[in-house]
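# Structure at a glance
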Amino acid sequence: MPAAGKTERPAEGQACQSDLYAPVAASNRSQRPAKSADLAWGFTRSTPHFPLTISFDSRRMERDAATYTISMAERVGAGRLFRSSLAIGNDIQSRLYAQLLNSPSAALMGSLCSLIILTTANIRSPSTVFTVFTVLEIAVALARLLEWQRRRAPEARAATIDVSWSALLSILWCGLQGALAFTIMSGSDPVLQVLSATTVMALLGPVCSRNYAAPAFAMLLLLLLDLPFVAGAVVSDQPWLSVIVLLTPPFVFGARQIINTFHETLSKSLLAEEENLQLALHDSLTGIYNRHGMDERLSRLVARPGQTMAIVSLDLDGFKGINDEYGHGAGDSVLVEVARRITLGAGEKGIVARMGGDEFMVVVRDCDVDHVRRFGEVLVEAICDEEFAIAPDIVVRVGASAGFACLPEDALTTHELRIRADRALYDAKDAGKRTCRRYREAGRSIDRPV
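Residues numbered from 1 in each chain as written. Predicted model: local features only at pLDDT ≥ 70, side-chain atom pairs only at ≥ 80, totals over all residues. Heavy atoms only, no water.

### Some points on a nonpolar patch on the surface
A cluster of nonpolar residues, Leu108, Met109, Leu112 and Ile116, forms a patch on the protein surface that exposes about 370 Å² of accessible area. Mapping Leu112 onto the fold places it in helix α3 (residues 104-124). Taking relative accessible area as the criterion, Leu112 reaches 43% and is therefore assigned partly exposed. (Patch = residues over 30% accessible without salt bridge, like charges linked within 9 Å, V, L, I, M, F, W, Y side chains within 5 Å. Areas by Shrake-Rupley, 256 points an atom, 1.4 Å probe, with all protein chains shown as cover. Salt bridge = Lys/Arg side-chain N within 4 Å of Asp/Glu carboxyl O. Helix = DSSP H or I, 4+ residues; strand = E, 2+ residues; numbered from the N terminus. Buried < 20%, exposed > 50% of the residue type's maximum accessible area, 1.4 Å probe, protein only.)

Next comes the structure, spelled out in structure tokens:
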């Protein structure tokens, strides 16, 4: 191989895992931030480099987690109640929405506490109002359980889930608790008043801790619980209970500070997690996947009956000479442009990775052998036929060789497919470079040179 950091040709049957390859730097010389994040994703428009249009499956890659939205809340203009005010991406916002979903155990515990108080109230002061509250409490509890059961199947198949329904039930339940607190506090039974005050104070903590992913929503639930309780205390026959009014502003302010702090901490943690994941799976120089990222994407591909897939391995020819003559900065510029051209050719449905040094890999699905062959030829032509500007007055040329293997024609697993695509790449180099070769079995040629 012309570039440093390459490994010897893998033998047939040799494992194709990351630890079997020599370590390579994330860039041509040193670590650096990605130049352009959009290099990691395919483009759909055609360019002079790629006049051929290759048809790939229009279905997106399988997701491994459900997506959470607030579609209903957005439709009624209540989306701001749930959206974070921080600058976060859609993926993190989805994860924050997921925190707002009802937990069946928490919902049952809250309803159990309320039913205990209502039972006590019906025993001490039988009333139609308390009976109505009991019926409503049971109805809301059942609705929350049904909502939880309804979303279990979509979550299992990683579908899109609207958390607005769960949030609506939380609002209804907190409003119901606030109404019950007002009814009890405005009455004259001191036992029930103590029980109500204890329950409201006990509920405020969990409400804040479970909903700080959406601070405005958490504050709404808190106020639905607290303000009716305070109002009931003011209109009760105990004047000294009005002191609660003086305690409410500092309490609400403190709760708001806690909610905002927790929300900011959670959001920053998720942002850091996402950034670390991007760094772990993407090449810091070119922005496309690195070897680990390619391994991760391949592991998430779900085989379907009749599915076809191909791997194209591509390696630059003469790249070391550019490093030696113009320096590693020039080599970095060439690698970034090569990644851009490959990504442009692969389109949105291809998976592109820099496997190390000047070696790249592309995974394509649902295309026949002739399409893959032509795709590999076009990649080689796009790299070999166009100059690379490494400075305003300096251009260089670099060659490329490619090899590919198809599933199920050449291999039965992605493990075999990677090994055989690499073998085809070395065959292309042995054949004189600047070619694209398909994997050929020992003693039987199944390919022709470009």
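Still more to cover.
### Brief notes about α3
Here α3 is 21 residues long and its end C-alpha atoms lie 30 Å apart, about the 30 Å a rise of 1.5 Å per residue gives. Residues of α3 that are buried: Ala107, Gly110, Ser111, Ser114, Ile117, Leu118 and Ala121. Buried residues of α3, viewed axially, fall in a sector of 120°; they line one side. Residues of α3 that are exposed and angled more than 90 degrees away from the buried face: Met109 and Ile123. In the core, the buried residues of α3 are packed alongside α4 (128-156), α5 (164-185) and α6 (190-211). (Expected span 1.5 Å × (residues − 1). Arc of directions from axis to C-beta. Contact = heavy atoms within 4.5 Å.)

### Looking at the packing of α3 against α4
A packed helix pair is summarised by two numbers, namely the angle formed by the two axes and the spacing between the axes. Remark: α3 packs on α4, axes separated minimally by 10 Å, with the N-to-C direction vectors making an angle of 170°. As judged from the angle between their axes, α3 and α4 are roughly antiparallel. Every residue of α4 that contacts α3 at Pro104, Ala107, Leu108, Ser111, Ser114, Leu115, Leu118, Ala121 and Asn122 is listed here: Phe130, Thr131, Phe133, Thr134, Glu137, Ile138, Ala141, Arg144, Leu145 and Trp148. Looking at the contact of α3 with α4, its residues break down into twelve nonpolar, five polar and two charged. (Axes fitted to C-alpha atoms, helices over the stretch in contact; angles between N-to-C directions. Parallel < 35°, antiparallel > 145°, perpendicular 65-115°, else oblique. Nonpolar A, V, L, I, M, F, W, Y, C, P; charged D, E, K, R; others polar.)

### Let's talk about the packing of aromatic side chains
The geometry of an aromatic ring pair is captured by the separation of the ring centres together with the interplanar angle, meaning the angle of the planes. For the coordinates displayed, the defined rule picks out two aromatic pairs. Here the aromatic rings of Tyr212 and Phe262 are separated by 5.3 Å at their centres, their planes lie at 75°, and the arrangement is edge-to-face. Taken as a pair, Tyr212 in the loop between α6 and α7 (215-234) and Phe262 in helix α8 (residues 243-281) lie far apart in primary sequence, 50 residues in all. A relative accessible area of 21% means that Tyr212 is categorised as partly exposed. Residue Phe262 is classed as partly exposed on the basis of its relative accessible area, which comes to 40%. Residue placement shows Arg341 over the ring face of Phe388; its charged tip is 4.0 Å from the ring centre. (Phe/Tyr/Trp six-rings, centres within 6.5 Å; stacked < 30°, edge-to-face > 60°. Lys NZ or Arg CZ within 6 Å of the ring centre and 35° of its normal.)

### Here we look at the pattern of salt bridges
Pairing of side chains with opposite charge becomes possible as their charged atoms draw close. All chains considered together, the criterion is met by 20 salt bridges. Ionic pairing is found between Glu337 and Arg340, a salt bridge with its closest N-O pair at 2.8 Å. Here Glu337 and its partner Arg340 are both found in helix α11 (residues 328-346), three residues apart, which amounts to about one turn of the helix. Residue Arg340 is classed as partly exposed on the basis of its relative accessible area of 26%. In this structure, Arg374 and Glu381 form a salt bridge, with 3.4 Å as the shortest nitrogen-oxygen distance. On the basis of relative accessible area, Arg374 is assigned to the partly exposed category, the value being 29%. A relative accessible area of 30% places Glu381 in the partly exposed class.

### Regarding the pairing of strand β5 (residues 359-365)
When you tally the buried positions in β5, you get seven out of seven residues, the bulk of the element. By the alternation rule, side chains of β5 split into Glu359, Met361, Val363 and Arg365 and Phe360, Val362 and Val364, which are all buried. For strand β3 (residues 309-317) and β5, the ladder comprises seven bridges, and the chain directions are antiparallel. Within β5, the residue paired with Ala310 across the bridge is Val364. Two strands pair when backbone bridges link them, and strand β4 (residues 351-356) and β5 are joined in this way by five bridges, in the antiparallel orientation. Looking at the pairing, Arg354 lines up with Phe360 of β5. Taken together, β4 and the strand that follows it, β5, pair antiparallel across an intervening segment of two residues, in which Gly357 is found at a positive phi of about 60°. (Pairing = 2+ DSSP bridges.)

### Quick look at the sheet that holds strand β8 (residues 399-407)
What the five strands build is an open sheet, ordered β4-β5-β3-β8-β9; its pairing is mixed. The open sheet has two edge strands with one neighbour each: β4 and β9 (436-438). Taking the axes of each pair of neighbouring strands and ignoring which way they run, one obtains an average angle of 20° across the sheet. When β3 meets β8, the two strands line up antiparallel, connected through nine bridges. Counted as the bridge partner of Leu316 is Ala400 from β8. Packed onto the sheet, helix α9 (residues 291-300) meets β4 and β5 and runs at close to 140° relative to β4. Strands in contact with helix α12 (residues 369-384) are β3, β5, β8 and β9; relative to β8, the strand with the most contacts, it is inclined by about 165°.

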